[in-house]
Amino acid sequence: MEEVKPDVRALAFARQALKNLFMKPATTSYPFEPASYPERMRGHVELVAEDCIGCGLCMRSCPPGAIRVDRQEGIWSINRFDCVQCESCVNACPKKCLKMAAGYTQPETEKAEERFEILKKQEK
Amino acid sequence: MAKRSIVPFGPQHPVLPEPVHLDLVLEDETVVGAIPSIGFIHRGLEKLVEKKDFKQYVYIAERVCGICSCGHGMGYCESVERVMGIEIPRRAEYLRTIWVEMSRVHSHLLWLGLLADAMGFESLFMECWRLREKILDMFDRTTGGRIIFSVNCVGGVLKDMDGAMLRAIRETVDQMEQELEPIMTTFIKDYSVQLRLRGLGILSREQAILQGAVGPMLRGSGVEYDTRMLGYAAYGDLDMEPIVGTDGDAYARCEVRAREIVQSFNLIREAIDKIPQGPISVPVKGNPQGEYFMRIEQPRGEAIYYTKGNGTKFLDRFRLRTPTTSNIPPMVEMLKGCQLGDVPLLILTIDPCISCTER
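Below you will find a few notes about this structure.

## Re the overall build of chain B
And then number 1: Counting secondary structure elements, chain B contains 12 helices and 8 strands.
And then number 2: For chain B, the C-alpha radius of gyration of 20 Å lies close to 21 Å, the compact-globule estimate for 359 residues.
And then number 3: Dimensions of chain B, computed from the C-alpha atoms along their principal axes, are close to 70 × 45 × 30 Å.
And then number 4: Taking as baseline every contact in chain B between residues at least 6 positions apart, the subset at least 24 positions apart corresponds to 70%.

See the structure below:
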């Protein structure tokens, strides 16, 4: 036997559907309007190359192995395609020269490492 | 006598982009049996625990699933912390609880939207997902990510929430509760929704227990069981009772999930009121030695995390049993007797996440 349910309504969503017709869109019309990013957004990793001491802790803490630090050549490089924006390197950096910046990196046609020259101060 | 035939269903099917395959045994249009098979998107994430150290593995554990990522990170961290005998600060436990409950709201709203879409109720689907955006924005503001939060670490959490953030969450939750009201009314009381869901895919209480159903699937069949009652994280301090359905049909499962959103709102508010001040993490020294079996309640149901450490920084074994793994046998059971046209909707009512299941 089907249980009798007294509180059954027909067209229960009609009012909200009509209301939605006259509401402004919930979405932002990007790219015509700029996207707004919150302060903590983990968009991409940024390096202040002047402060980097090339300790390699970021390279060791990086789960996908996207960061490479070469003390001999004085190069800090990151493969943006491998990076998962986990912020692990930022937390590991003793000099606080790494930070997560808002906004995503641009799409590329080829996988390439982004290289930064580090350890210039020590050479002088 | 009805003609018996086998119809392959999936891995590409009209429900949602989760590759599950079923061989449906039909008598005319009625399903008399179903043979499930998975294995299309195995990623070998458990094996990676041998190559990544136990602190790095948190980032892999939370990538097991895109919807319950915070819960997976938390479950892994809690199991490792218990192996190592680490007691994390209370504030960290509260922060984890708030984020996990926000994940539950996000997961259930996503599922309700998918259900509305499967019923052909497009405007309701849009409304659910519009509302879900608000909670995703709060994730973005508090953790820096919309889906993958990367806030859990062994020993606590990596990010704190200041008073302004907690107030913003509370205001968002209050506003969402008001906006959820027409959605709730539609799912619970609308005639066309009831016509589509009532009496469909009935899973009896006995069968739910026998087949090992978990989460809203189990509670929809009238079993009062919720892993959160064990009191892990901050749940021991919070006032909650499992939301239970009665009929065990698709409608009951929908109702349980819809009511759980309101329950999560209440838990978030209570946690914000009770959150203590203090540190958010403790330093972790040494490596895990021993094993632990951790259970937590994910939005889809009970998830199990088994961790075995050998005293080095690489764990011996990490085993994760996701809720969908447990819900596949009851799904096969409830499919028996239904019509072929109802199969997509019934598969959806278990809230399948095959990517989690295969890890």
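Don't stop here, the text continues.
## Some points on the pairing of strand β2 (residues 21-27) of chain B
Looking down a regular strand, the side chains alternate between one sheet face and the other.
Residue and element names in this part refer to chain B.
And then number 1: Looking at chain direction, strand β1 (residues 4-9) and β2 are connected through 6 bridges and run antiparallel. Of the residues in β2, the one forming a bridge with R4 is E27.
And then number 2: Direction of pairing for β2 relative to strand β3 (residues 30-37): antiparallel, over a ladder of 7 bridges. Residue pairing in the sheet places H21 in a bridge with S37 of β3.

## Observations regarding the environment of B:M119
Residues and elements named next belong to chain B.
And then number 1: Examined against the element boundaries, M119 turns out to sit in helix α3 (residues 90-119).
And then number 2: Overall, the presence of 19 C-beta atoms within 10 Å leaves M119 in the partly exposed class.
And then number 3: Considered as a pair, M119 and L197 are 78 residues apart in the sequence and their alpha carbons are 9.0 Å apart.
And then number 4: Among all residues touching M119, those that are not within four sequence positions of it are V193 and R196.

## Structural notes on the sheet that holds strand β8 (residues 315-321) of chain B
Residues and elements named next belong to chain B.
And then number 1: Ordered by their spatial adjacency, 3 strands build an open sheet running β6-β7-β8, and the pairing between neighbours is antiparallel. The open sheet has two free edges, formed respectively by β6 (289-298) and β8, since each of these has just one partner strand. Adjacent strand axes in the sheet meet at a mean angle of 10°, parallel and antiparallel pairs treated alike.
And then number 2: Pairing of β6 with strand β7 (residues 301-310) involves 10 bridges; the strand directions are antiparallel. Each bridged residue has a counterpart across the sheet, and for Y292 the counterpart in β7 is T307.
And then number 3: Together, β6 and β7 form the strand contacts of helix α2 (residues 69-84), whose direction differs from that of β6 by roughly 150°.

Rules and cut-offs
- Residues numbered from 1 in each chain as written.
- Chains lettered and ligands numbered in written order.
- Predicted model: local features only at pLDDT ≥ 70, side-chain atom pairs only at ≥ 80, totals over all residues.
- Helix = DSSP H or I, 4+ residues; strand = E, 2+ residues; numbered from the N terminus.
- Rg over C-alpha atoms; globule rule 2.2 N^0.38 Å.
- Contact = placed C-beta atoms within 7 Å.
- Pairing = 2+ DSSP bridges.
- Buried ≥ 20, exposed ≤ 12 C-beta atoms within 10 Å, placed from the backbone.
- Axes fitted to C-alpha atoms, helices over the stretch in contact; angles between N-to-C directions.

Purely geometric stuff here, so don't read any function into it on its own.
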